[in-house]
Amino acid sequence: MRRLTRYACPVEVYVNPVELGETLANDVAYMIQAANDDDRSFVLGCPGGRSGVTTYHALGVTATKRGLDLSQLIIATMDEYVMAKGTDFVKCNIDSHYSCHRFALEQIQTVLNQGLPAPSRIPDANVWIPDPACPNDYDKRLENAGGIDLFIIASGASDGHVAFNPPETSLSSKTRVVKLAETTRRDNMVTFPEFTDISEVPSYGVTVGLGTICDLSREVVLIIHGSDKRAATRRLLGYTGFDEAWPASCVFEAGNGRILLDNAAAETLGDETA
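Enquirer: Any chance you could explain the overall build of the protein here in plain terms?
Expert: Along the backbone of the protein there are seven helices and twelve strands. For 274 residues, the compact-globule estimate of 2.2 N^0.38 gives 19 Å, and the protein sits close to it at 18 Å. Taking the principal axes of the C-alpha coordinates as reference, the protein spans close to 55 × 45 × 35 Å. Here the protein holds 274 residues, and 55% of them are scored as buried. The contacts of the protein with a sequence gap of at least 6 include a subset with a gap of at least 24, amounting to 77%. In the structure as shown, the protein presents an accessible area of about 11,400 Å², 48% of it carried by carbon and sulfur atoms.

Here it is in C-alpha cells:
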C-alpha cells in the first residue's frame, strides 16, 4: 500500500481490488469486534454493485476465521430502484436482477453469514433499506440507531454519483426519491449487465442523501478501483472540497473521510507517497 499526500483527504493505493478489500475488511472486523465488546450494534453503510464485492468477500472470510459475532451488525443499504404507481413510488420487485435489496441479501448478508453458526449471523431484520413511501423515516431510523459507524461509498464512473445522487445534489440532501441522471443509468448498465438497453433501466430510485452520509457517519470510506474509474479518480482528486458537480467529492466534507484506490484507478496520479 502507498499513501498519496497531496490531496484534500487521506488517499491510499493498493495493488488490486482484492488487496483493497482485504485491508478494508480487516478494519471493519476490528471495529465490529470493538462494538461487540461494548455490547452495542454496529451500523455499516454499504453500497450495492461491484465496487464493494471484494470487501464483502474478504469480510466474510475474516469473520469466519475469527469467529466474529455479526448478530448485532446492521447493514444500512444506500438505495433501491423504484417504479411509479399512480402518484406514488414503490420499490422494484426484489426478484429483479437489478434490485439493490436482492443484492444486499445475496452479496452482503449471505456472504458475511456463510461461515458462521446461526447465533452469530446477521438477522434479516438487520438488513435495512430505504422505503420510497416514507423516505424521511430512514434518516430518523439511522439517527435513532446512534448513527452510522462506517459508511462505505463508491463513485459512478461517468458522473461521480454516490448512491443515486446525481450531479448538482446538495451536501445537505437527505433520503428521498430522485430521478436518475442518464449518466447514472448508463453506468448502471455496467453494474447490472443483464440490462441490454438503457430503456430497461428504471428512471427513479430512492436514495440516501449526501447529508445522510456526511452528517450521520462517524467515518466515510470511498472505494474506487478499476481502469474504467481512472478518469473519475483524476476528476475527484482535482477537487479540494465538495463540489455539487461531482457528488463523490462529499468524502472531503465527511468526518474521517478517506479514499481507497487500486493501482488501475490511480495509474496516472504519480508516485508521491508518505
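Past the structure itself, the notes keep going.
Enquirer: Would you mind going over the sheet that holds strand 9 (residues 176-179) with me for this structure?
Expert: Adjacent strands of a sheet form backbone hydrogen bonds with each other and so pair up, either parallel or antiparallel. With antiparallel pairing, the four strands of this open sheet are ordered in space as 6-5-10-9. Since the sheet does not close on itself, it has two edges, and those belong to strand 6 (88-91) and strand 9, each with one partner. The mean inter-strand angle of the sheet, taken between neighbouring strand axes irrespective of direction, is 40°. Where strand 9 meets strand 10 (residues 204-207), four bridges bridge the pair, whose relative direction is antiparallel. Residue pairing in the sheet places V177 in a bridge with V206 of strand 10.

Enquirer: Would you mind going over the nonpolar core with me for this structure?
Expert: Soluble globular proteins tend to pack their nonpolar side chains together in the buried interior. Counting 40 residues, the largest nonpolar core has I153, L236, L237, I259 and L261 as the members making the most contacts within it. Elements with a contribution of two residues or more to this core: strand 2 (11-14), strand 4 (73-77), helix 4 (136-144), strand 8 (150-154), helix 6 (210-216), strand 11 (220-224), helix 7 (230-236) and strand 12 (257-262). In terms of residues, this core owes the most to one element, helix 6, which gives four residues. When sequence neighbours within four positions are dropped, the list of residues in contact with L236 reads L222, I224, W246, A248, S249, F252 and I259. In this structure, L73, F103, L150 and L260 belong to the second largest nonpolar core, which totals 33 residues.

Enquirer: Looking at this structure, I do not really get helix 4. What am I missing?
Expert: Spacing of three or four residues puts side chains on the same side of an α-helix, whose turn is 3.6 residues. Along helix 4, the residues classified as buried are Y138, D139 and L142. Axial view of helix 4: buried residues confined to an arc of 95°, hence all on one face. Seen from the open side of helix 4, the exposed residues pointing more than 90 degrees away from its buried face are E143 and N144. Check the buried side of helix 4 and you find it contacts strand 3 (42-46), strand 4, strand 7 (127-128) and helix 6.

Conventions used here
Residues numbered from 1 in each chain as written. Predicted model: local features only at pLDDT ≥ 70, side-chain atom pairs only at ≥ 80, totals over all residues. Heavy atoms only, no water. Helix = DSSP H or I, 4+ residues; strand = E, 2+ residues; numbered from the N terminus. Rg over C-alpha atoms; globule rule 2.2 N^0.38 Å. Buried < 20%, exposed > 50% of the residue type's maximum accessible area, 1.4 Å probe, protein only. Contact = heavy atoms within 4.5 Å. Areas by Shrake-Rupley, 256 points an atom, 1.4 Å probe, with all protein chains shown as cover. Pairing = 2+ DSSP bridges. Axes fitted to C-alpha atoms, helices over the stretch in contact; angles between N-to-C directions. Core = buried A, V, L, I, M, F, W, Y, C linked by side-chain atoms within 4.5 Å. Arc of directions from axis to C-beta.

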